[in-house]
Amino acid sequence: MAARRALTLVELPAWPIKRLLRLEEALVRHEAGNWCLVTALPPTPAVVVGLGGKPDQLLDAAALRAAPVDVVRRFTGGGTVVVGGGTVVASLVIEKGAVCEPFPRDIMAWTEPVYAAAFGRLGVDGLALRDHDYVVGDRKVGGNAQCIAKDKWIHHTSFLWDYDPKHMTYLTLPAKRPEYRADRGHDAFLSRLGEATYPGYAAPAAGAAAAWSGDWAI
Amino acid sequence: ANPWSDENFVLSRADGRADRTAWAESAWPSSTQTKTMLRLTLQRSAPACRAAFARSGGLRCLATHYAESHEYVKVDGETGTVGITDYAANALGDIVFVDLPEVGDEVEKGESFGAVESVKAASDVYAPVSGEVVAVNEALEDTPDLVNSSALEDDWFIKIKISDAGELDGMMGDDAYAEHIKE
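What counts as what
- Residues numbered from 1 in each chain as written.
- Chains lettered and ligands numbered in written order.
- Predicted model: local features only at pLDDT ≥ 70, side-chain atom pairs only at ≥ 80, totals over all residues.
- Heavy atoms only, no water.
- Salt bridge = Lys/Arg side-chain N within 4 Å of Asp/Glu carboxyl O.
- Buried < 20%, exposed > 50% of the residue type's maximum accessible area, 1.4 Å probe, protein only.
- Helix = DSSP H or I, 4+ residues; strand = E, 2+ residues; numbered from the N terminus.
- Pairing = 2+ DSSP bridges.
- Contact = heavy atoms within 4.5 Å.
- Polar contact = N/O pair within 3.5 Å; in protein donor to acceptor, adjacent residues only side chain to side chain.
- Phe/Tyr/Trp six-rings, centres within 6.5 Å; stacked < 30°, edge-to-face > 60°.
- Lys NZ or Arg CZ within 6 Å of the ring centre and 35° of its normal.

### Observations regarding the pattern of salt bridges
Residues and elements named next belong to chain A.
Working step 1: Using the criterion set out here, one finds nine salt bridges over all chains in the structure.
Working step 2: Its salt-bridge partner being Lys-140, residue Asp-133 comes within 3.6 Å of it at the nearest N-O pair.
Working step 3: With a relative accessible area of 15%, Lys-140 lands in the buried category.
Working step 4: Its salt-bridge partner being Arg-192, residue Asp-162 comes within 2.8 Å of it at the nearest N-O pair. A residue pair is termed long-range when its members are at least 10 positions apart, and Asp-162 in the loop between strand 10 (152–160) and helix 5 (186–189) and Arg-192 in the loop between helix 5 and helix 6 (203–212) qualify at 30 residues.
Working step 5: The exposure class assigned to Asp-162 is partly exposed, which follows from its relative accessible area of 36%.

Below you can see the structure in the form of structure tokens.
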């Protein structure tokens, strides 16, 4: 039997998003090994913009003036999200050469069965990759972003266990959007994973560990 | 006197005839053609040319060199034009943002000098040689997808004043890079 690669699975209860992003970047750039972080974010909402995102085009300035929240720029690519209570961030920090070619589409394709198996254990069947999102049916349940650095890459996902619809007013309808979204607004496009599983947040790490224990030494 | 001026160079063809016109009209010859032309030319060139050629570091100075991480540097004298290869641009997908240093910044071989964003991924780009940034391609700020449409032409990232031409040793030429991306 081939030796399994070591994966360190870490659950971070209620870590704020800015601290989590700093930890992730440190693991990508300065720490050896393969990591999976599972973080249920605290209730305080925050807007998180990708590396090249233009806030003047992506954010509703009037909504932010009316109810200010932190706006954080992350080191990975991808779109703009509102995170807070109900968001579970899963971060895969993997050494180059460990699992797939270090290019965006290869990484995305590798993660699909990984998360499909993990969520299957939680009773969520049919989680799939569509364009660059995780969906159940035609509704988005998780958004992805990546950074590919010298020796490692990170693929992190904000899974929507729950969300507050009024927080979505911080975001404009993006000019570039996946074809499957069409012109749907946030409520018609997104779905809550918590409605398919159960309200508690303790399950993601346990589900991931159970699903992956055959391939990784956790 | 300019040892590199036309009268000191005569392009010699395999049949022994000299053809000055071919040299004057050639644009960016491939690395293999360049090496062939220079080897043949040295057989006839003035002593001053040979000395100048030796001082310049030889064949390194008229070629495109490639790093394993898919950056290239196109060398012209002391200046290197840096970007990512067509292979890398295709593998990354549609480029939506390019993060570049500023003129005057120092870059170090093997260290990140910027990043490209393609849809969901931010990918670091690494300096293939060390030196000072003397120009930045500002067209990429408004038109980052130039990287996809014209790799190795208009989509260069930065120009560097190379501080150590010896760092080009060990980099891949056209043929070796073509083999590298097949693997």
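Past the structure itself, the notes keep going.
### Things to note about the sheet that holds strand 1 (residues 64–66) of chain B
Residues and elements named next belong to chain B.
Working step 1: On the basis of which strands lie adjacent, the open sheet formed by six strands has the order 1-2-3-9-8-5 and antiparallel pairing. Strands with a single pairing partner mark the edges of an open sheet, and in this sheet they are strand 1 and strand 5 (106–107).
Working step 2: Bridge analysis of strand 3 (residues 79–84) against strand 9 (residues 158–162) gives four bridges, and the strand direction is antiparallel. Bridge pairing in strand 9 places Val-82 opposite Ile-158.

### Overview of the interface of chain A and chain B
Working step 1: Listed per partner, the contact involves 22 residues of chain A and 20 residues of chain B.
Working step 2: Taken together, chain A and chain B are joined by three salt bridges.
Working step 3: Residue Glu-111 of chain B is joined to Lys-150 of chain A by a salt bridge in which the shortest nitrogen-to-oxygen separation is 3.7 Å.
Working step 4: Here chain A and chain B share 11 residue pairs in polar contact (both at pLDDT 80 or more) between them.
Working step 5: The set of elements that each furnish at least two residues to the side of chain A that touches chain B consists of helix 4 (104–121) and strand 9 (139–148) of chain A.

### A short note on the packing of aromatic side chains
Working step 1: All chains considered together, the criterion is met by nine aromatic pairs over all chains.
Working step 2: Taking the centre distance of 5.5 Å and the plane angle of 50° together, the rings of Tyr-180 of chain A and Phe-189 of chain A count as tilted.
Working step 3: Relative to Tyr-177 of chain B, the ring of Tyr-66 of chain B has its centre 4.6 Å away and its plane inclined at 10°; by these criteria the two rings are stacked. In this pair, Tyr-66 of chain B is assigned in strand 1 and Tyr-177 of chain B in helix 7 (residues 174–182), connecting sequence segments 111 residues apart. Side by side, Tyr-66 of chain B and Tyr-177 of chain B carry an identical accessibility label, which is buried.
Working step 4: Sitting over the ring of Trp-15 of chain A, Arg-19 of chain A keeps its end group 4.7 Å from the ring centre.
Working step 5: If you follow Arg-192 of chain A out to its NZ or CZ, it ends over the ring of Tyr-163 of chain A, 4.2 Å from the centre.

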